[in-house]
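# Descriptive structure summary
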Amino acid sequence: MRSVFAVFLGVSMMFALWTPLQGFPLDLEEIPMENTTLVEMVIDETESSNLTYSHLWEQIPGKLKHVCISKNFIWGVNVHDDIYMRPYPISTSSPWRYISGKLSQVDCNDYEVWGVNSGDNIYSRRVDGSGGWVHISGLLKHVTASGNGWIWGTNSNDDIYRMIKPSNNQWICVNGKLMQIDG
(Lines give C-alpha, C1' and ligand atoms only; values in the text may rest on other atoms or scores of the structure.)
Protein backbone atom coordinates (compact mmCIF):
# COMPACT_ATOMS: atom_id res chain seq x y z
CA MET A 1 0.00 0.00 0.00
CA ARG A 2 1.15 3.52 -0.72
CA SER A 3 -0.43 6.92 -0.98
CA VAL A 4 -0.76 9.13 -4.01
CA PHE A 5 -1.20 12.85 -3.45
CA ALA A 6 -2.64 15.38 -5.84
CA VAL A 7 -3.41 19.06 -5.71
CA PHE A 8 -6.84 19.67 -7.18
CA LEU A 9 -7.93 23.11 -8.21
CA GLY A 10 -11.37 24.28 -7.14
CA VAL A 11 -14.36 22.27 -6.04
CA SER A 12 -15.48 21.39 -9.55
CA MET A 13 -12.46 19.14 -10.12
CA MET A 14 -13.15 16.58 -7.39
CA PHE A 15 -13.03 13.14 -9.00
CA ALA A 16 -14.82 10.14 -7.49
CA LEU A 17 -12.17 7.67 -8.66
CA TRP A 18 -8.73 7.85 -10.23
CA THR A 19 -8.40 5.76 -13.34
CA PRO A 20 -5.06 5.11 -15.00
CA LEU A 21 -6.49 5.88 -18.46
CA GLN A 22 -7.88 9.35 -17.80
CA GLY A 23 -4.87 11.08 -16.26
CA PHE A 24 -5.21 14.74 -15.39
CA PRO A 25 -7.42 16.51 -17.93
CA LEU A 26 -6.26 20.11 -17.57
CA ASP A 27 -3.17 22.16 -18.35
CA LEU A 28 -2.07 23.24 -14.86
CA GLU A 29 -0.12 26.26 -16.12
CA GLU A 30 -3.36 27.91 -17.27
CA ILE A 31 -5.22 27.60 -13.96
CA PRO A 32 -4.96 30.13 -11.11
CA MET A 33 -3.71 28.51 -7.90
CA GLU A 34 -5.64 30.47 -5.28
CA ASN A 35 -8.27 27.76 -4.60
CA THR A 36 -6.50 24.41 -4.34
CA THR A 37 -7.34 21.26 -2.41
CA LEU A 38 -4.92 18.54 -1.32
CA VAL A 39 -6.34 15.04 -1.60
CA GLU A 40 -4.95 11.59 -0.87
CA MET A 41 -5.80 8.21 -2.31
CA VAL A 42 -4.37 4.97 -0.95
CA ILE A 43 -3.65 2.42 -3.67
CA ASP A 44 -2.69 -1.24 -3.62
CA GLU A 45 0.50 -2.27 -5.41
CA THR A 46 0.94 -5.87 -6.47
CA GLU A 47 4.31 -7.52 -7.00
CA SER A 48 3.89 -7.15 -10.75
CA SER A 49 3.67 -3.35 -10.28
CA ASN A 50 0.07 -3.23 -11.50
CA LEU A 51 -1.88 -0.60 -9.61
CA THR A 52 -5.40 -1.13 -8.37
CA TYR A 53 -7.28 2.16 -8.21
CA SER A 54 -10.14 1.09 -5.97
CA HIS A 55 -10.24 3.76 -3.30
CA LEU A 56 -11.95 7.11 -3.22
CA TRP A 57 -10.01 10.33 -2.95
CA GLU A 58 -10.16 11.78 0.54
CA GLN A 59 -9.90 15.55 1.01
CA ILE A 60 -7.27 16.71 3.47
CA PRO A 61 -7.87 20.10 5.12
CA GLY A 62 -5.69 22.92 3.82
CA LYS A 63 -5.05 24.90 0.66
CA LEU A 64 -1.57 24.43 -0.83
CA LYS A 65 0.02 25.21 -4.19
CA HIS A 66 2.88 22.73 -3.81
CA VAL A 67 3.28 19.61 -1.68
CA CYS A 68 5.87 16.89 -1.10
CA ILE A 69 5.82 13.77 1.01
CA SER A 70 8.51 11.80 2.77
CA LYS A 71 8.17 8.52 4.59
CA ASN A 72 6.96 10.30 7.76
CA PHE A 73 6.07 13.91 6.86
CA ILE A 74 4.12 16.04 4.38
CA TRP A 75 5.35 19.54 3.54
CA GLY A 76 3.58 22.22 1.54
CA VAL A 77 3.46 25.90 0.67
CA ASN A 78 0.42 28.06 -0.01
CA VAL A 79 -0.13 30.94 -2.44
CA HIS A 80 1.39 33.36 0.09
CA ASP A 81 4.57 31.20 0.25
CA ASP A 82 3.77 30.24 3.86
CA ILE A 83 5.24 26.86 4.81
CA TYR A 84 3.34 24.04 6.53
CA MET A 85 4.13 20.47 7.54
CA ARG A 86 2.41 17.59 9.29
CA PRO A 87 3.21 14.00 10.19
CA TYR A 88 2.35 11.20 7.79
CA PRO A 89 0.25 9.06 7.85
CA ILE A 90 -2.39 11.74 8.23
CA SER A 91 -4.29 11.89 11.49
CA THR A 92 -6.87 14.38 12.73
CA SER A 93 -4.83 14.63 15.95
CA SER A 94 -1.86 16.08 14.02
CA PRO A 95 -2.98 19.17 12.08
CA TRP A 96 -0.84 21.27 9.73
CA ARG A 97 1.94 23.11 11.60
CA TYR A 98 3.11 26.52 10.40
CA ILE A 99 6.89 26.68 9.80
CA SER A 100 8.57 30.10 9.83
CA GLY A 101 9.99 31.41 6.57
CA LYS A 102 8.72 31.92 3.05
CA LEU A 103 9.23 29.42 0.22
CA SER A 104 7.58 29.25 -3.19
CA GLN A 105 8.39 25.55 -3.73
CA VAL A 106 9.45 22.62 -1.52
CA ASP A 107 10.65 19.06 -2.04
CA CYS A 108 11.61 16.46 0.53
CA ASN A 109 13.22 13.10 1.01
CA ASP A 110 13.25 10.94 4.13
CA TYR A 111 15.89 13.14 5.82
CA GLU A 112 15.63 16.73 4.53
CA VAL A 113 13.24 19.23 3.06
CA TRP A 114 14.58 21.64 0.46
CA GLY A 115 12.97 24.76 -0.94
CA VAL A 116 13.42 27.95 -2.87
CA ASN A 117 11.95 31.36 -2.20
CA SER A 118 10.66 34.03 -4.58
CA GLY A 119 14.22 35.39 -4.93
CA ASP A 120 15.51 31.92 -5.99
CA ASN A 121 17.45 31.52 -2.73
CA ILE A 122 17.85 27.87 -1.68
CA TYR A 123 17.22 26.50 1.82
CA SER A 124 17.18 23.11 3.54
CA ARG A 125 16.41 21.69 6.97
CA ARG A 126 15.61 18.38 8.65
CA VAL A 127 12.41 16.82 7.32
CA ASP A 128 10.98 16.46 10.84
CA GLY A 129 10.96 20.27 11.14
CA SER A 130 13.61 20.41 13.86
CA GLY A 131 16.44 22.88 13.61
CA GLY A 132 16.30 25.90 11.36
CA TRP A 133 16.60 26.70 7.69
CA VAL A 134 20.14 26.51 6.31
CA HIS A 135 20.92 28.80 3.38
CA ILE A 136 22.53 26.91 0.49
CA SER A 137 24.75 28.72 -2.02
CA GLY A 138 23.45 29.40 -5.52
CA LEU A 139 20.15 30.50 -7.04
CA LEU A 140 17.46 28.08 -8.26
CA LYS A 141 13.82 28.53 -9.21
CA HIS A 142 13.05 24.83 -8.57
CA VAL A 143 14.80 22.20 -6.45
CA THR A 144 14.24 18.48 -5.90
CA ALA A 145 15.66 16.56 -2.96
CA SER A 146 14.42 13.12 -3.91
CA GLY A 147 17.02 12.15 -6.49
CA ASN A 148 19.17 9.19 -5.48
CA GLY A 149 22.39 10.65 -4.06
CA TRP A 150 21.88 14.10 -5.61
CA ILE A 151 19.99 17.35 -5.13
CA TRP A 152 18.80 18.64 -8.52
CA GLY A 153 17.52 22.04 -9.57
CA THR A 154 16.88 24.49 -12.38
CA ASN A 155 17.59 28.21 -12.43
CA SER A 156 15.80 31.17 -14.04
CA ASN A 157 17.66 30.48 -17.33
CA ASP A 158 16.40 26.85 -17.27
CA ASP A 159 19.97 25.61 -16.69
CA ILE A 160 20.17 22.28 -14.84
CA TYR A 161 22.30 21.82 -11.73
CA ARG A 162 23.03 18.99 -9.31
CA MET A 163 24.84 18.72 -5.98
CA ILE A 164 25.89 15.59 -4.13
CA LYS A 165 24.09 14.59 -0.91
CA PRO A 166 24.83 15.56 1.75
CA SER A 167 25.19 19.13 0.55
CA ASN A 168 28.72 20.33 -0.11
CA ASN A 169 27.53 23.72 -1.49
CA GLN A 170 29.11 22.93 -4.88
CA TRP A 171 26.60 22.88 -7.72
CA ILE A 172 27.59 21.11 -10.96
CA CYS A 173 26.03 22.41 -14.19
CA VAL A 174 24.55 19.65 -16.37
CA ASN A 175 24.12 20.01 -20.15
CA GLY A 176 20.58 20.80 -21.29
CA LYS A 177 17.69 23.06 -20.39
CA LEU A 178 14.64 22.31 -18.25
CA MET A 179 11.99 24.50 -16.66
CA GLN A 180 11.61 22.08 -13.75
CA ILE A 181 13.14 18.81 -12.61
CA ASP A 182 11.99 16.14 -10.16
CA GLY A 183 13.97 13.16 -8.96
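Residues numbered from 1 in each chain as written. Predicted model: local features only at pLDDT ≥ 70, side-chain atom pairs only at ≥ 80, totals over all residues. Heavy atoms only, no water.

### Brief notes about unusual backbone geometry
- Cis peptide bonds are those with omega within 30 degrees of zero, and the linkage from Tyr88 to Pro89 qualifies with 10 degrees.
- Within the element layout of this structure, Pro89 appears in the loop between β7 (82-87) and β8 (97-102).
- A cis geometry characterises the amide bond from Lys165 onward to Pro166, with omega recorded as -10 degrees.
- Within the secondary structure, Pro166 sits in the loop between β15 (159-164) and β16 (172-177).
- A positive phi is found at Asp158, a non-glycine position, where the angle reads about 65 degrees.
- Although it is not a glycine, Asn169 adopts a positive phi angle of roughly 60 degrees.
- Counting through the fold element by element, Asn169 comes out in the loop between β15 and β16.
- A relative accessible area of 39% means that Asn169 is categorised as partly exposed. (Helix = DSSP H or I, 4+ residues; strand = E, 2+ residues; numbered from the N terminus. Buried < 20%, exposed > 50% of the residue type's maximum accessible area, 1.4 Å probe, protein only.)

### A closer look at the environment of Ile99
- For Ile99, the position within the fold is in strand β8.
- What makes Ile99 buried here is its relative accessible area of 4%.
- Distance from Ile99 to Val77, taken between C-alpha atoms, is 9.8 Å for residues 22 residues apart in sequence.
- Ignoring anything within four residues of it in the chain, the contact list for Ile99 reads Trp75, Ile83, Met85, Arg125 and Trp133. (Contact = heavy atoms within 4.5 Å.)

### Side note on the sheet that holds strand β11 (residues 121-126)
- Taken in spatial order, the four strands of this open sheet run β9-β10-β11-β12, and their pairing is antiparallel. Of all strands in the sheet, those with a lone pairing partner are β9 (105-108) and β12 (134-139), marking the two edges. Recorded for the sheet is a direction-independent mean angle of 25 degrees between the axes of neighbouring strands.
- With five bridges joining them, strand β10 (residues 112-116) and β11 adopt antiparallel strand pairing. (Pairing = 2+ DSSP bridges. Axes fitted to C-alpha atoms, helices over the stretch in contact; angles between N-to-C directions.)

### Examining the pattern of salt bridges
- For the structure on display, the rule yields four salt bridges.
- Two residues, Lys65 and Asp81, come together in a salt bridge whose shortest N-O distance is 2.8 Å. Taken together, the positions of Lys65 in the loop between β4 (58-60) and β5 (66-69) and Asp81 in the loop between β6 (73-77) and β7 put the pair 16 residues apart, joining distant regions of the chain.
- According to the relative accessible area criterion, Lys65 is partly exposed, its value standing at 24%.
- Accessibility expressed as a relative area gives 14% for Asp81, which makes it buried.
- The shortest N-O distance in the salt bridge between Asp158 and Lys141 comes to 2.5 Å. Residue Asp158 is located in the loop between β14 (150-154) and β15, and its partner Lys141 is located in the loop between β12 and β13 (142-144); the two are separated by 17 residues in the primary sequence.
- Here Lys141 falls in the partly exposed class, since its relative accessible area comes to 27%. (Salt bridge = Lys/Arg side-chain N within 4 Å of Asp/Glu carboxyl O.)

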